[in-house]
Amino acid sequence: MKNLRTVITAALVIALSSLGLGAASAADSTAKYCTGTSGTAAPATRAAAQPVTVWLAGDSTMANPGSARCPVGWGSQFDALFSNDVTVRNQAVGGRSIQTWLYEGNVSGTKGSDGECRLTSTAYSARWQAMLNASTGMKAGDYLFIQFGINDSSSTCPRHVGPARYRQLMTTMVQAALARGAHPVLLTPVAAITCSGGTATKNRGFVNETFAVGSATGAPVVDLQSLSVSLYNSLRFCPHNGDYGSGPVGAFFCNDHTHFETYGAQRIAGLVAGDVRRQNLPLAGYLG
């Protein structure tokens with residue numbers, strides 16, 4: 001091939017010299033001829049997508065449904081929005097604050113001098129221990145979505161959690177994910193439907209605390225409260241006559257203005273996925 005290239009180059013130099021083309025141009029043409037390319041590198045083959053597990057920790061607004069038709073947590077509808085390379089492991093449980101989720105059965109019904117519910121043991125719940133398991137739990141490249149703040153606002157134990165304790169526990173979860181190479185994503189609590197005249201309004205706490213943990217740890221925050229309220233307004237859920245079992249509101253919510261029917265859960269899951277895409281998180285590459 002090398003000798004053939006020399007011969008062809010010489011011929012091209014002679015034939016094209018009258019057109020003012022130099023040897024370098026001829027040599028370039030020869031190289032393209034011999035390699036069979038147009039000078040543009042072939043696109044690299046896209047690497048196969050790595051399987052990713054998305055772990056969900058939260059309360060009933062995120063949890064998988066039980067035997068009843070309602071409620072349906074948005075986390076149960078999240079998996080359908082991704083490619084087959086993503087597995088969603090929904091560990092949200094109804095009625096839990098961040099502390100009772102982490103320390104199931106070990107949070108007492110009395111408060112200590114600091115105003116927080118006393119722990120009878122610092123042993124983690126089985127669900128959190130499973131996520132921390134070195135073999136079967138969170139691994140590098142996985143995601144951990146954390147959404148609490150609804151039950152935490154209770155004034156009584158065991159669900160009560162104060163702002164400082166909330167930040168501490170959420171930070172613990174974030175750091176555990178980071179230590180395993182996983183990506184934590186924080187969510188403000190999804191809103192129930194409450195109206196002020198013709199406008200849906202925000203009604204959840206622990207928003208500032210969630211953003212504070214995100215700022216301190218670098219974890220992205222999905223402001224699901226703001227996103228959900230904006231959705232309710234776009235769907236014109238307000239003003240409302242208080243009948244949550246019929247009409248557009250009844251198709252979206254259970255008859256308690258807080259939990260979701262399947263349709264509502266799907267729309268809330270879509271909000272979360274949309275913000276993952278808007279923030280350009282790597283997980284967005286797996287969305288359908």
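Residues numbered from 1 in each chain as written. Predicted model: local features only at pLDDT ≥ 70, side-chain atom pairs only at ≥ 80, totals over all residues. Heavy atoms only, no water.

### Digging into the nonpolar core
Then, in step 1: Counting 45 residues, the largest nonpolar core has Val54, Trp74, Phe78, Phe145, Tyr232, Ile268 and Leu283 as its most contacted members.
Then, in step 2: Secondary structure elements with two or more residues in this core: strand S1 (52-58), strand S2 (86-90), strand S5 (143-147), strand S6 (183-187), helix H7 (224-234), helix H8 (247-252) and helix H9 (262-278).
Then, in step 3: When sequence neighbours within four positions are dropped, the list of residues in contact with isoleucine 268 reads Trp74, Val190, Leu224, Ser228, Leu231, Tyr232, Phe252 and Phe260.
Then, in step 4: If you look at the next biggest cluster of nonpolar residues, it comprises 30 residues, including Tyr103, Val107, Trp128 and Ile146. (Core = buried A, V, L, I, M, F, W, Y, C linked by side-chain atoms within 4.5 Å. Buried < 20%, exposed > 50% of the residue type's maximum accessible area, 1.4 Å probe, protein only. Helix = DSSP H or I, 4+ residues; strand = E, 2+ residues; numbered from the N terminus. Contact = heavy atoms within 4.5 Å.)

### Remarks on the confidence of the model for the protein chain
Then, in step 1: Averaged over every residue, the pLDDT of the protein chain is 87; the share at 70 or more is 83%.
Then, in step 2: In the model, residues 1-47 has pLDDT below 50 throughout and makes 15 contacts with residues more than four positions away in sequence or in other chains. (pLDDT = per-residue confidence, 0-100.)

### Details of the pattern of salt bridges
Then, in step 1: By the definition in use, this model includes five salt bridges.
Then, in step 2: In this structure, the salt-bridge partner of glutamate 261 is arginine 69, at a minimum N-O distance of 2.4 Å. In this pair, glutamate 261 is assigned in the loop between H8 and H9 and arginine 69 in the loop between S1 and S2, connecting sequence segments 192 residues apart.
Then, in step 3: A relative accessible area of 12% places glutamate 261 in the buried class. (Salt bridge = Lys/Arg side-chain N within 4 Å of Asp/Glu carboxyl O.)

### Let's talk about H9
For an α-helix, 3.6 residues make a turn, and residues three or four places apart therefore share a direction.
Then, in step 1: With 17 residues, H9 extends 24 Å between its outermost C-alpha atoms, agreeing within 8% with the 24 Å of an ideal straight helix rising 1.5 Å per residue.
Then, in step 2: For H9, every residue scored as buried is listed here: Gly264, Ala265, Ile268, Ala269, Leu271, Val272, Ala273, Asp275 and Val276.
Then, in step 3: Against the buried residues of H9 lie S5, S6, strand S9 (221-222), H7 and H8.
Then, in step 4: Count one or two residues on from H9 and you reach asparagine 280, which has phi positive near 60°. (Expected span 1.5 Å × (residues − 1).)

### Details of the packing of aromatic side chains
Then, in step 1: A complete count under the given rule lists 17 aromatic pairs for this structure.
Then, in step 2: The interplanar angle of 90° and the centroid separation of 5.3 Å between the aromatic rings of tryptophan 74 and phenylalanine 78 together place this pair among those described as edge-to-face.
Then, in step 3: Residue phenylalanine 78 is classed as buried on the basis of its relative accessible area of 0%.
Then, in step 4: Clustering of aromatic rings is evident, with ring pairs tying together Tyr232, Phe237, Phe252, Phe253, Phe260 and Tyr263. (Phe/Tyr/Trp six-rings, centres within 6.5 Å; stacked < 30°, edge-to-face > 60°.)

### Side note on the environment of alanine 49
Then, in step 1: Position of alanine 49 among the secondary structure elements: in the loop between helix H2 (23-35) and S1.
Then, in step 2: A residue is classified by how much of its surface remains accessible, and alanine 49, at 39% relative accessible area, is partly exposed.
Then, in step 3: Here the alpha-carbon distance between alanine 49 and tyrosine 286, two residues 237 residues apart in the chain, equals 8.4 Å.
Then, in step 4: In this structure alanine 49 touches Asp85 and Tyr286, once residues within four positions along its chain are discounted.

### Quick word on the sheet that holds S1
Then, in step 1: With respect to topology, five strands assemble into an open sheet ordered S2-S1-S5-S6-S9, the strand pairing being parallel. In this open sheet, the two strands that pair with only one neighbour each are S2 and S9.
Then, in step 2: Here five bridges tie S1 to S2, and the two strands are oriented parallel to one another. Bridge pairing in S2 places valine 54 opposite valine 88.
Then, in step 3: Along the sheet face, helix H6 (residues 207-217) touches S6 and S9 and points at about 155° away from the line of S6. (Pairing = 2+ DSSP bridges. Axes fitted to C-alpha atoms, helices over the stretch in contact; angles between N-to-C directions.)

### Quick look at the state of the cysteines
Then, in step 1: All told, the structure shown has three disulfides when counted by the stated rule.
Then, in step 2: A sulfur-sulfur distance of 1.6 Å marks the disulfide that ties cysteine 70 to cysteine 254. What sets the handedness of the cysteine 70 and cysteine 254 disulfide is the S-S torsion sign, and at about -90° it is left-handed. Residue cysteine 70 is found in the loop between S1 and S2, and its partner cysteine 254 is found in the loop between H8 and H9; the two are separated by 184 residues along the sequence.
Then, in step 3: Cysteine 195 shares a disulfide with cysteine 238; S-S distance 1.9 Å. Across the S-S bond linking cysteine 195 and cysteine 238, the dihedral sits near -80°, which makes this disulfide left-handed. You can see cysteine 195 sitting in strand S7 (residues 195-196) and its partner cysteine 238 sitting in the loop between H7 and H8, a full 43 residues away along the chain.
Then, in step 4: Of the residues examined, cysteine 195 reaches a relative accessible area of 33% and is grouped as partly exposed.
Then, in step 5: With relative accessibility at 9%, the residue cysteine 238 sits in the buried group.
Then, in step 6: Taken in sequence order, the bonded cysteines of the protein chain link in the pattern 1-6, 2-3, 4-5. (Disulfide = S-S within 2.5 Å.)

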